[in-house]
Amino acid sequence: MVYRQSFYQFLMTLRDPDSNGDLAQFANNAQFDSTFPRQEQDRTRLSEYLEENAAYLPSMTIFDDAYQAYEEKMQY
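Residues numbered from 1 in each chain as written. Predicted model: local features only at pLDDT ≥ 70, side-chain atom pairs only at ≥ 80, totals over all residues. Heavy atoms only, no water.

Student: Could you clarify how one ought to interpret the UniProt feature "domain: YozE SAM-like" (unreviewed entry) in the protein in this entry?
Tutor: Residues given the UniProt feature "domain: YozE SAM-like" (unreviewed entry) here are residues 6-72. Split by type, residues 6-72 is 60% helix and 0% strand. Its first and last C-alpha atoms lie 13 Å apart. (UniProt positions renumbered as here; feature names shortened; annotations may be inferred. Helix = DSSP H or I, 4+ residues; strand = E, 2+ residues; numbered from the N terminus.)

Student: Is there a simple way to explain the packing of aromatic side chains in this structure?
Tutor: Aromatic rings in a pair are described by how distant their centres are and how their planes are angled relative to each other. Under the counting rule described, the total for this entry stands at 10 aromatic pairs. In textbook terms, an aromatic cluster arises when at least three aromatic residues are bridged by ring pairs, as seen for Phe7, Phe10, Phe26, Phe63, Tyr67 and Tyr70. (Phe/Tyr/Trp six-rings, centres within 6.5 Å; stacked < 30°, edge-to-face > 60°.)

Student: What am I meant to see in a negative patch on the surface here?
Tutor: On the surface, a cluster of negative charge is made up of Asp42, Glu48, Glu51 and Glu52. Mapped onto the elements, Glu48 comes out in helix H3 (residues 43-53). Glu48 gets classed as partly exposed once you look at its relative accessible area, which sits at 42%. (Patch = residues over 30% accessible without salt bridge, like charges linked within 9 Å, V, L, I, M, F, W, Y side chains within 5 Å. Areas by Shrake-Rupley, 256 points an atom, 1.4 Å probe, with all protein chains shown as cover. Salt bridge = Lys/Arg side-chain N within 4 Å of Asp/Glu carboxyl O. Lys, Arg positive; Asp, Glu negative; His and termini not counted. Charge placed at Lys NZ, Arg CZ, Asp CG, Glu CD. Buried < 20%, exposed > 50% of the residue type's maximum accessible area, 1.4 Å probe, protein only.)

Student: Sorry, what's going on with the nonpolar core here?
Tutor: Nonpolar side chains tend toward joint burial in soluble globular proteins. With 20 residues, the main nonpolar core has Phe7, Leu11, Phe26, Phe36, Leu50, Leu57 and Phe63 as its most contacted residues. Those elements that place two or more of their residues in this core are helix H1 (7-12), helix H2 (22-31), H3 and helix H4 (60-74). Among the elements that line this core, the one with the most residues is H4, at six residues. Residues contacting Phe7, with those up to four places away along its chain left out, are Phe26, Phe36, Glu40, Leu46, Phe63, Ala66, Tyr67 and Tyr70. (Core = buried A, V, L, I, M, F, W, Y, C linked by side-chain atoms within 4.5 Å. Contact = heavy atoms within 4.5 Å.)

Student: How do you make sense of the pattern of salt bridges when you look at a structure like this?
Tutor: Opposite charge on two side chains permits pairing when their charged atoms draw close. A full pass over the atoms with the stated rule returns three salt bridges. Close ionic contact of Arg43 with Asp64 constitutes a salt bridge, the shortest N to O distance being 3.3 Å. Taken together, the positions of Arg43 in helix H3 and Asp64 in helix H4 put the pair 21 residues apart, joining distant regions of the chain. On the basis of relative accessible area, Asp64 is assigned to the partly exposed category, the value being 31%. The salt bridge partner of Glu71 is Arg43, with a shortest N-O separation of 4.0 Å. Taken together, the positions of Glu71 in helix H4 and Arg43 in helix H3 put the pair 28 residues apart, joining distant regions of the chain.

Student: Would you mind going over H2 with me for this structure?
Tutor: Think of an α-helix as 3.6 residues a turn; residues three or four steps apart then line up on the same face. Within H2 the residues assigned to the buried category are Ala24, Phe26, Ala27, Asn28 and Ala30. Contacts from the buried residues of H2 go to H1, H3 and H4.

This is the structure we're talking about:
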């Protein structure tokens, strides 16, 4: 079985405190979200969590872009 990193692990690779970009800001803020589902890989569960709990995410489109990049990276 091949190891697949969680979405959170992938998201943390996008952090950049000097960037104003949407994905970097999402990653920067998620880092400080103590209830973020850190082991989750499922898009639906992540989306539900963010819609209900992530006031720091101004648009779900940012999540969609990040998740698409995650899926592309996870394809071997």
